[in-house]
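# Descriptive structure summary
What follows is the residue order along each chain.
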There are 2 protein chains.
Amino acid sequence: PPGRKVLIVYAHQEPKSFNGSLKSIAVEELGKQGCSVTVSDLYAMGFEPRATRSDIVGCLHNPEGFNYGVEMWEAYKRGALSKDLVEEQKKVQEADLLIFQFPLYWFSMPAIMKGWMDRVLVQGFAHEFPNCYDSGLLKDKLALFSFTTGGSEEMYAKGGISGDIRYLLWPMQHGIMHFCGIKVLAPHICFSPEYVPEESRKEMLAAWAQRLKTLWKEEPINCSPEWYFK
Amino acid sequence: PPGRKVLIVYAHQEPKSFNGSLKSIAVEELGKQGCSVTVSDLYAMGFEPRATRSDIVGCLHNPEGFNYGVEMWEAYKRGALSKDLVEEQKKVQEADLLIFQFPLYWFSMPAIMKGWMDRVLVQGFAHEFPNCYDSGLLKDKLALFSFTTGGSEEMYAKGGISGDIRYLLWPMQHGIMHFCGIKVLAPHICFSPEYVPEESRKEMLAAWAQRLKTLWKEEPINCSPEWYFK
């Protein structure tokens, strides 16, 4: 709806890819609805995935032994995070909905996107004990993981060789988003688009566009072990 | 035992850290046993986590649309992977045991180590359908995930707020190692070393040294959904 803000965190090297199409469809459809859409195109930005001393501007809190978590927390509080992180945090802060668009790499997100999680969702900004899980600092936001797989739906079925696809969503949806207080919409999964006919790929893209039309009416999942492991 | 080769893939920024100590203990203890130990110190190497076109030397297989998986597979076959990846693959190829030593970041490994997985374990080298899982190309090797957590053992208990710690091991142990045919030894987990007394930290280090003494007698876990989700 007009006024809603969406951040799409997007990790694919090739604009002409299927992931690129999924991203463009979201930009277009949400734009049509009057949403304000921002894209963090991680590869195009050359986003830094490594958690290092360079993320802190100026002196360290404790130069005797570098503790990334502590240093980032302290740097956040005194406004000394590197510029790229301040910009990403601003986008997150303003967003009502975060969409993560990526190809599944090794049962998880690509390293460049994991680096976004590691570096952007800093203690003090996204969580601060005891403000985690339902009282995480980013509550009142929504997140949606939209991804493509190499393996087929059969491989990712319960009893399939790769196990229920929900098993691998636990770290991303519960461990990261829920921990920060963000409510999780059902994932959007396109199984092995590389290995299906062109017609099926078109149907997958149409289904995503269709889902986006009523996305704001969706209820978040119940992000507890039952949803993942039954 | 003499002659066994071990690769430690290590991801911590600070040599004086608890993770640094765990790594040094492994180097020392396995060295004493006569093993040949190699360490990939990812932060010190400035290891690149991003999966990009730079990983392929020379022309692309299909320059019309960049497909990382396909390009890496083709580049592997024609010996056109970037030098850093060739070196890591050589270390993996020679190793009998891979130890991954890291602090848990967001229910997973730090992005720099995820990048190692994404970029090194290329199709053709580590797997090549249908050679995956029990017939993965790296069979006859062992892997062990050794990591520290921020959260306590109670938080990571079944029924705890963060769920059974085994839930988050599924993508790493089954989705990556097992997929490549590598057998998985029980993980070595040090819960919240930052928040326990110095005495407890010493006990944790001693326990790791002790475990390493009989590591080669251990049987791998049964890496199936039952182990993770009961």
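Residues numbered from 1 in each chain as written. Chains lettered and ligands numbered in written order. Predicted model: local features only at pLDDT ≥ 70, side-chain atom pairs only at ≥ 80, totals over all residues. Heavy atoms only, no water.

You'll find chain A entered in an unreviewed UniProt entry as Ribosyldihydronicotinamide dehydrogenase [quinone], with Brachypteracias leptosomus given as the organism. Under Catalytic activity (unreviewed entry), UniProt gives the following word-for-word description of chain A: "1-(beta-D-ribofuranosyl)-1,4-dihydronicotinamide + a quinone + H(+) = beta-nicotinamide D-riboside + a quinol". Entered under Subunit (unreviewed entry) in the UniProt record, the comment concerning chain A runs "Homodimer." (UniProt positions renumbered as here; feature names shortened; annotations may be inferred.)

### Side note on the overall build of chain A
When its secondary structure is counted, chain A shows 8 helices and 6 strands. Secondary structure of chain A in N-to-C order comes out as β-α-β-α-α-α-β-α-β-α-β-β-α-α. A compact globule built from 230 residues would reach a C-alpha radius of gyration of about 17 Å, and chain A, at 18 Å, matches this within 12%. Along the first, second and third principal axes, the C-alpha atoms of chain A reach 60 × 40 × 30 Å. For chain A, the residues scored as buried account for 57% of the 230 residues in total. Put simply, 76% of the contacts in chain A that link residues at least 6 apart link residues at least 24 apart. (Helix = DSSP H or I, 4+ residues; strand = E, 2+ residues; numbered from the N terminus. Rg over C-alpha atoms; globule rule 2.2 N^0.38 Å. Buried < 20%, exposed > 50% of the residue type's maximum accessible area, 1.4 Å probe, protein only. Contact = heavy atoms within 4.5 Å.)

### A closer look at the confidence of the model for chain A
Should the pLDDT be low somewhere, the predicted coordinates at that spot are not to be read in detail. With 100% of its residues at a pLDDT of 70 or more, chain A shows a mean pLDDT of 98. Here the complex is predicted with pTM 0.98, and the ipTM for its interfaces comes to 0.98. (pLDDT = per-residue confidence, 0-100.)

### A short note on the side chain of D55 of chain B
Residues and elements named next belong to chain B. With respect to the secondary-structure elements, D55 resides in the loop between α2 (42-45) and α3 (68-77). At 2.6 Å, the side chain of D55 and the side chain of Y68 are in polar contact. With residues up to four places along the chain from it excluded, the contact list for D55 reads R50, Y68, M72, A80, L81, S82, L85 and R119. (Polar contact = N/O pair within 3.5 Å; in protein donor to acceptor, adjacent residues only side chain to side chain.)

### A closer look at the packing of aromatic side chains
The relation between two aromatic rings is expressed through the spacing of the ring centres and the mutual angle of the planes. One pass over the full model with this rule turns up 39 aromatic pairs over all chains. On the basis of an interplanar angle of 40° and a centroid distance of 6.3 Å, the ring pair of Y156 of chain A and F191 of chain A is categorised as tilted. Residue Y156 of chain A is located in the loop between β4 (142-148) and α6 (165-177), and its partner F191 of chain A is located in the loop between β6 (188-190) and α7 (198-213); the two are separated by 35 residues in the primary sequence. Neither Y156 of chain A nor F191 of chain A differs from the other in exposure class; each is buried. Their ring planes at 55° and their centres at 6.4 Å tell us that W170 of chain A and F107 of chain B sit as a pair that is tilted. Taken together, the residues W170 of chain A in helix α6 and F107 of chain B in the loop between β3 (97-103) and α5 (111-120) connect one chain to another. This pair shows no difference in class: W170 of chain A is buried, exactly as F107 of chain B is. Sitting above the plane of the W73 of chain A ring, K77 of chain A keeps its charged end 4.5 Å from the centroid. (Phe/Tyr/Trp six-rings, centres within 6.5 Å; stacked < 30°, edge-to-face > 60°. Lys NZ or Arg CZ within 6 Å of the ring centre and 35° of its normal.)

### Observations regarding the relation of the copies chain A and chain B
Laying chain A over chain B is done by rotating through 180° and shifting 0.0 Å along the axis; what remains is an RMSD of 0.0 Å. Both chain copies can therefore be described as sitting about a two-fold axis. When C-alpha distances to the rotation axis are compared across chain A, the minimum falls at A111 of chain A, with a value of 2.5 Å. Comparing interface residues between copies, 100% of those in chain A also lie at the interface in chain B; the contact surface is shared. (Least-squares fit on C-alpha atoms with pLDDT ≥ 70 in both.)

### Side note on the pattern of salt bridges
According to the stated counting rule, one finds 26 salt bridges over all chains in the structure shown. Two residues, K230 of chain A and D164 of chain A, come together in a salt bridge whose shortest N-O distance is 3.4 Å. Highlighted residues: K230 of chain A in the segment after α8 (225-229) and D164 of chain A in the loop between β4 and α6, separated in sequence by 66 residues. Note that E94 of chain B is salt-bridged to K90 of chain B, the shortest N-O span being 3.6 Å. (Salt bridge = Lys/Arg side-chain N within 4 Å of Asp/Glu carboxyl O.)

### Quick look at the packing of helix α1 (residues 18-32) of chain A against α7 of chain A
Residue and element names in this part refer to chain A. Here α1 crosses α7 at 30°, and the two axes come no closer than 10 Å. As summarised for this structure, α1 and α7 are arranged roughly parallel, according to the angle between their axes. Regarding α1 and α7, the two cross each other, and that crossing is right-handed. On α7, the residues that touch F18, S21, L22, I25, A26, E29 and L30 of α1 are R201, M204, L205, W208, A209, L212 and K213. A per-class count over the contact of α1 with α7 returns 10 nonpolar, 1 polar and 3 charged. (Axes fitted to C-alpha atoms, helices over the stretch in contact; angles between N-to-C directions. Parallel < 35°, antiparallel > 145°, perpendicular 65-115°, else oblique. Left-handed = near helix turned anticlockwise from the far one by under 90°. Nonpolar A, V, L, I, M, F, W, Y, C, P; charged D, E, K, R; others polar.)

### Some details on the interface of chain A and chain B
The interface of chain A with chain B comprises 48 residues on the first partner and 48 residues on the second. Buried area between chain A and chain B, summed over both chains or domains, comes out near 3,900 Å², and the portion from carbon and sulfur atoms is 64%. If you sort the residues of chain A by the area they bury against chain B, R50, W106 and F107 of chain A come out on top, with a joint share of 21%. Applying the counting rule to chain A against chain B returns 0 salt bridges. Linking chain A with chain B are 24 residue pairs in polar contact (both at pLDDT 80 or more). Only α3 (68-77), α5 (111-120), α6 and α8 of chain A provide two or more residues apiece to the side of chain A that touches chain B. If you tally residues by element for the side of chain A that touches chain B, the top one is α6 of chain A, at 7 residues. Among the residues forming the side of chain A that touches chain B, the class breakdown is 27 nonpolar, 13 polar and 8 charged. (Buried area = accessible area lost by both parts, 1.4 Å probe.)

### Focus on α3 of chain A
All names here are of chain A. By the burial criterion, the buried members of α3 are Y68, E71, M72 and A75. Take α3 and look down its axis: the buried residues cluster within an arc of 95°, on one side only. In the core, the buried residues of α3 are packed alongside α4 (83-94) and α5. Following α3 by one or two positions, G79 has its phi on the positive side, about 65°. (Arc of directions from axis to C-beta.)

### Focus: the pairing of β4 of chain A
Residue and element names in this part refer to chain A. Among the 7 residues of β4, 7 are classified as buried, and the element is accordingly described as predominantly covered. Side-chain alternation along β4 places L142, L144, S146 and T148 on one buried face and A143, F145 and F147 on a second face that is also buried. The pairing of strand β3 (residues 97-103) with β4 spans 7 bridges and is classified as parallel. Within the sheet, the bridge partner assigned to I99 lies in β4 and is L144. (Pairing = 2+ DSSP bridges.)

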